[in-house]
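Next come the chains, spelled out residue by residue.
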Amino acid sequence: ENQNSTPEINTNEITKIEFSRGACFGFCPIYTYTIVPNAESTFLAKAFNFSQKRPTGDEIEGEYKAKLDPQTWTEILSLVNEIEFTTDSMYYRKPMTDMPSADLTVWYASGKNKYIHDYGMSGTEQLKNLYHYFDKLKNKKEWGIVITK
């Protein structure tokens, strides 16, 4: 018995994942990912994505494209599969007006999709884990800039 084995994930079921992070009153990163398996994915860096360090010529807002490695897709799938979609459209909301929002849409091979809007990014722990992953994903070296602002 292999103790290092991980549960099998049905990679054929999910065909596309789109995740957007919106503005806040301050310097929250604003971006959109469109992630597809075994094809070109997009990271649209709109504002404040590289503000935690002084930007260099390679760290500018704009549209980045990459064919992400299979391990990255597996990690994203694992995080998404931990989310319990109780309905096709779900909404979370914090009672404040200066918080960032997150939008997640997951498309399936069946043609259906699931959507979550999370104002304040304060939904479930599983959602917070996915948000944290996406915040770090922009630092992967695979992204090559295509169009700049």
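Predicted model only: the values in this text are computed from it and were never measured.

Participant: What's the story with the packing of aromatic side chains in this structure? I'm lost.
Facilitator: By the definition in use, this model includes 13 aromatic pairs. A network of ring pairs unites the aromatic residues F19, Y31, Y33, F43, Y64, Y131, Y133, F134 and W143 as a single cluster. Here the guanidinium or amino end of K16 rests over the ring plane of W107, the centre of that ring lying 4.2 Å away. Over the ring of Y119 we find R93; its NZ or CZ atom is 4.7 Å from the centre of that ring.

Participant: Can you help me understand the side chain of T72 in this one?
Facilitator: Tracing the backbone through its elements, the reader meets T72 in helix 1 (residues 70–81). Only 3.3 Å separates the side chain of T72 from the side chain of K140, close enough to count as a polar contact. Discounting chain neighbours no more than four positions away, the residues touching T72 are Y133, L137, K140 and E142.

Participant: Would you mind going over the nonpolar core with me for this structure?
Facilitator: Nonpolar side chains in soluble globular proteins tend to be buried together. In terms of nonpolar packing, the biggest core is built from 33 residues, with I17, Y33, I35, L104, F134 and W143 touching the most fellow members. When neighbours within four sequence positions are excluded, F134 is seen to be in contact with I17, F19, Y31, Y33, I35 and I76.

Participant: Would you take a moment to explain the side chain of E61 for this structure?
Facilitator: Mapping E61 onto the fold places it in the loop between strand 3 (41–47) and strand 4 (62–66). On the basis of relative accessible area, E61 is assigned to the buried category, the value being 19%. At 3.0 Å, the side chain of E61 forms a polar contact with the backbone nitrogen of N49.

Thresholds, definitions, all that
Just so you know, the residues in each chain are numbered from 1, in the order the chain's sequence is written. Per-residue local features of the predicted model are confined to residues with pLDDT of at least 70, and side-chain atom pairs are confined, for both listing and counting, to 80 or more; whole-chain, interface and lining totals are unaffected and use all residues. Note: side-chain values were computed over all heavy atoms of the structure, leaving out hydrogens and water. Between the rings of Phe, Tyr and Trp (Trp by its six-membered ring), a pair exists once the centres lie within 6.5 Å; its type follows the angle of the planes, with under 30 degrees stacked, over 60 edge-to-face, and the other angles tilted. Criterion for a charge above a ring: Arg CZ or Lys NZ at most 6 Å from the ring centre, at most 35 degrees from the ring normal. A run of DSSP states H or I qualifies as a helix once it reaches four residues; a run of E qualifies as a strand once it reaches two. Both are numbered from the N-terminal end. Residues adjacent in sequence count toward polar contacts only when both atoms are side-chain atoms; beyond that, a polar contact is any pair of N or O atoms within 3.5 Å, and within protein one must be able to donate a hydrogen and the other to accept it. Residue contacts are defined here by distance: any two heavy atoms, one from each residue, within 4.5 Å place the two residues in contact. Residues belong to a common nonpolar core when they are buried Ala, Val, Leu, Ile, Met, Phe, Trp, Tyr or Cys residues joined through side-chain atoms within 4.5 Å. For each residue, the accessible area found with a 1.4 Å probe, counting protein chains only, is set against the maximum for its type, and the residue is called buried under 20%, exposed over 50%, and partly exposed in between.

Keep in mind these numbers describe shape, not what the thing actually does.
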